[in-house]
Structures are given as C-alpha cells and as structure tokens.
Amino acid sequence: ATATRSRGSPWRYGVAAASLFFALAIGLQSAVAQQASSALRSKAPEAATIAATAQADGHVRVIVLLNAPDVANQGRPDAATIASIKARAAALQNGILAKHFGDAVNLRPGQGFVRHHSRFEITPGFVINVDATELEALAADPTVKSITIDHLKRTKLLQSLPRKRLGKPQDL
C-alpha cells in the first residue's frame, strides 16, 4: 500500500498566515506601548509614538512645557509685566536645560544626532531633540508639565509669500 500525503487547502494556509500576521502586529503594538514609562505616559498623550521614535531613530524632537504660575488672568499686561513673564519663563527654561543637558546655553551635544533646540519667549517651555534616556529623565522631572512630539509642518510657497511681503504668486 502506498502512503498518500494529505495536503491542506490553500484557504487554510491563508487563514493561518493571516492569524500569524495579526498576532505579530498585536505583539509589536503592545511592545511599543511597554517602551513608554508610566512617567512618560502621564505627561505625553502620544507616549508610545514618542518612545518608539526615540528608539527607532535614536532621537525624537519634542515640545516640553513646564509647570509655571498661571499668568493668563492679568488682563492687558503692560511692558513691565511682559518683561517679568519673559524673565520667569527664561529662568524655568534655564533650570531644566542646565539640569538635563549640562548647561542652559551650551547644551551637551546629542549622541549621534544634532541637539537642535528652541526656546519659547513667553511660554515656559522649549522644543528639543532628545534620545530615549533624556526623554525618560524629562518625563520623570516634576517641573515638566507635558511632552508632545513636534510634528513639523512646513509651509508651502503659496502660504509663505504673503508673510514675506512678496505679493501674490501671479505677481512674480
């Protein structure tokens, strides 16, 4: 008697492959979610995305807002009030930048990436490139209020022309 081999139908293999793909996708998603610490999840609405980007790219550009006294209810501020607000924002920024990056003005260079940072003039916060370790240190700092990923939006030429007083595109 000859032994015959039973072959599964192509449909069965397709279902098995789809199930395997689905399980892998769910597993990867939960692994990315686990990369974000509880401190980061409490301060960053997109914690998993931020952590995954920092891991994959070696760094991520984030907007860091700091806890500061509320100055919004001052009505119409005069020049002295605005100068005071700017000074308080700069002092908060200096403290955090010095604590986490060695110096408030000459920040420690990034490891394998350009540091790039920008301060907000009135808002107590800044934008900065950080690696995963620096991201977690910022998230654990009680002075940090929130961390969000910086989704850079480039202006299109048609949007930038009026801002540069170049007139309308058809006038060029």
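Quick look at the structure, then. Note that the structure is predicted; figures quoted are calculated from it, not measured.

**Thoughts on the pairing of strand E1 (residues 60–66)**
Here is step 1 of the chain: Side chains Val 60, Val 62, Val 64 and Leu 66 of E1 all project onto a buried face; the interleaved residues Arg 61, Ile 63 and Leu 65 project onto a face where none is buried.
Here is step 2 of the chain: Inspection of the sheet shows E1 paired to strand E4 (residues 144–149) by 5 bridges, in the antiparallel sense. Bridge pairing links Ile 63 to Thr 148 in E4.

**Observations concerning the pattern of salt bridges**
Here is step 1 of the chain: What the rule picks out here adds up to 5 salt bridges.
Here is step 2 of the chain: Put simply, Lys 86 and Glu 121 hold a salt bridge, and the shortest N to O gap is 2.7 Å. In this pair, Lys 86 sits in helix H4 (residues 79–101) while Glu 121 sits in the loop between strand E2 (117–119) and strand E3 (125–130), placing the two residues 35 residues apart along the sequence.
Here is step 3 of the chain: For Glu 121, a relative accessible area of 54% gives the class exposed.
Here is step 4 of the chain: When the shortest N-O distance is used, the salt bridge between Glu 134 and Arg 115 registers 2.8 Å. Of this pair, Glu 134 sits in helix H5 (residues 132–140) while Arg 115 sits in the loop between H4 and E2, and the two are 19 residues apart along the sequence.

**So, H5**
Here is step 1 of the chain: Within the span of H5, buried status applies to Glu 134, Leu 135, Leu 138 and Ala 139. For H5, the angular spread of buried residues about the axis comes to 140°, placing them on one side. Residues of H5 that are exposed and point more than 90 degrees away from the buried face comprise Thr 133 and Ala 140.
Here is step 2 of the chain: Those residues of H5 that are buried lie in contact with helix H2 (38–43), helix H3 (47–57), E1, H4, E3 and E4.

**Points about the side chain of Arg 115**
Here is step 1 of the chain: Look at Arg 115 and you get buried, because its relative accessible area is 7%.
Here is step 2 of the chain: Engagement of the side chain of Arg 115 in a polar contact is seen with the side chain of Glu 134, the distance being 2.8 Å.
Here is step 3 of the chain: Residues contacting Arg 115, with those up to four places away along its chain left out, are Phe 101, Leu 107, Arg 108, Pro 109, Gly 110, Ile 128, Asn 129, Val 130 and Glu 134.

**Description of the packing of H4 against H5**
Here is step 1 of the chain: At a closest axis distance of 11 Å, the pairing of H4 and H5 adopts a crossing angle of 135°. The pairing of H4 with H5 is recorded here as oblique in orientation. Every pair of crossing elements has a handedness; the one defined by H4 and H5 is right-handed. Mapping the contact onto sequence places Ile 96, His 100 and Phe 101 in H4 and Glu 134, Ala 137 and Leu 138 in H5.
Here is step 2 of the chain: A breakdown of the residues in the contact of H4 with H5 according to their chemical character gives 4 nonpolar, 1 polar and 1 charged.

Rules used throughout
- Residues numbered from 1 in each chain as written.
- Predicted model: local features only at pLDDT ≥ 70, side-chain atom pairs only at ≥ 80, totals over all residues.
- Heavy atoms only, no water.
- Buried < 20%, exposed > 50% of the residue type's maximum accessible area, 1.4 Å probe, protein only.
- Helix = DSSP H or I, 4+ residues; strand = E, 2+ residues; numbered from the N terminus.
- Pairing = 2+ DSSP bridges.
- Salt bridge = Lys/Arg side-chain N within 4 Å of Asp/Glu carboxyl O.
- Arc of directions from axis to C-beta.
- Contact = heavy atoms within 4.5 Å.
- Polar contact = N/O pair within 3.5 Å; in protein donor to acceptor, adjacent residues only side chain to side chain.
- Axes fitted to C-alpha atoms, helices over the stretch in contact; angles between N-to-C directions.
- Parallel < 35°, antiparallel > 145°, perpendicular 65-115°, else oblique.
- Left-handed = near helix turned anticlockwise from the far one by under 90°.
- Nonpolar A, V, L, I, M, F, W, Y, C, P; charged D, E, K, R; others polar.

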